[in-house]
Amino acid sequence: MKYLMVLVIVLVGLWFWRNNRRAALRERQSRHATARPDASPAQAATEMVACAVCSVHLPRPDALPGHRGIYCSDAHRRQAEG
Ligand SMILES: [Zn+2]
């Protein structure tokens, strides 16, 4: 009878452990799935914007943001904004 109790406790423990593992796995998968759509740093890095003065296109990280738009260089930003 004592062994049966131990067996039941072990089985319940195993069941809990498996449930936890499955929940963790599902959570990891859903996190992976939700991370995929907004995980586009490469796309953001290659997004092209046009200079407000000369209309030249350049990658957004290289562009200089100003009050009236985005500029390709500090000279054009000064030219447009004074
Ligand atoms: Zn420009």
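S.K.: I keep staring at the overall build of the protein and nothing clicks. Help me out?
M.R.: When its secondary structure is counted, the protein shows three helices and four strands. Each helix (α) and strand (β) of the protein, taken in turn from the N terminus, gives the series α-α-β-β-β-β-α. Looking at the protein as a whole, 6% of its 82 residues are labelled buried. The contacts in the protein between residues at least 6 apart in sequence include a share of 8% that link residues at least 24 apart.

S.K.: Honestly, the environment of P61 in this entry has me stumped. Any pointers?
M.R.: Topologically, P61 is positioned in the loop between β2 (57-59) and β3 (64-65). C-alpha of P61 to C-alpha of M48: the two residues are 13 residues apart in sequence and 9.0 Å apart in space.

What counts, and at which threshold
- In every chain, residue numbers begin from 1 and rise along the written sequence.
- Reporting of local features is limited, given that this is a predicted model, to residues whose pLDDT is at least 70; pairs of side-chain atoms are given and counted only at 80 or more, and all residues count toward the totals for whole chains, interfaces and linings.
- Going along the chain from the N terminus, every DSSP run of H or I of four or more residues is numbered as a helix, and every run of E of two or more is numbered as a strand.
- Comment: burial labels come from other C-beta atoms within 10 Å of the residue's own C-beta, placed from the backbone, where a count of 20 or more is buried, 12 or fewer is exposed, and between is partly exposed.
- By the criterion used throughout, residues are in contact when their C-beta atoms, derived from the backbone, lie within 7 Å.

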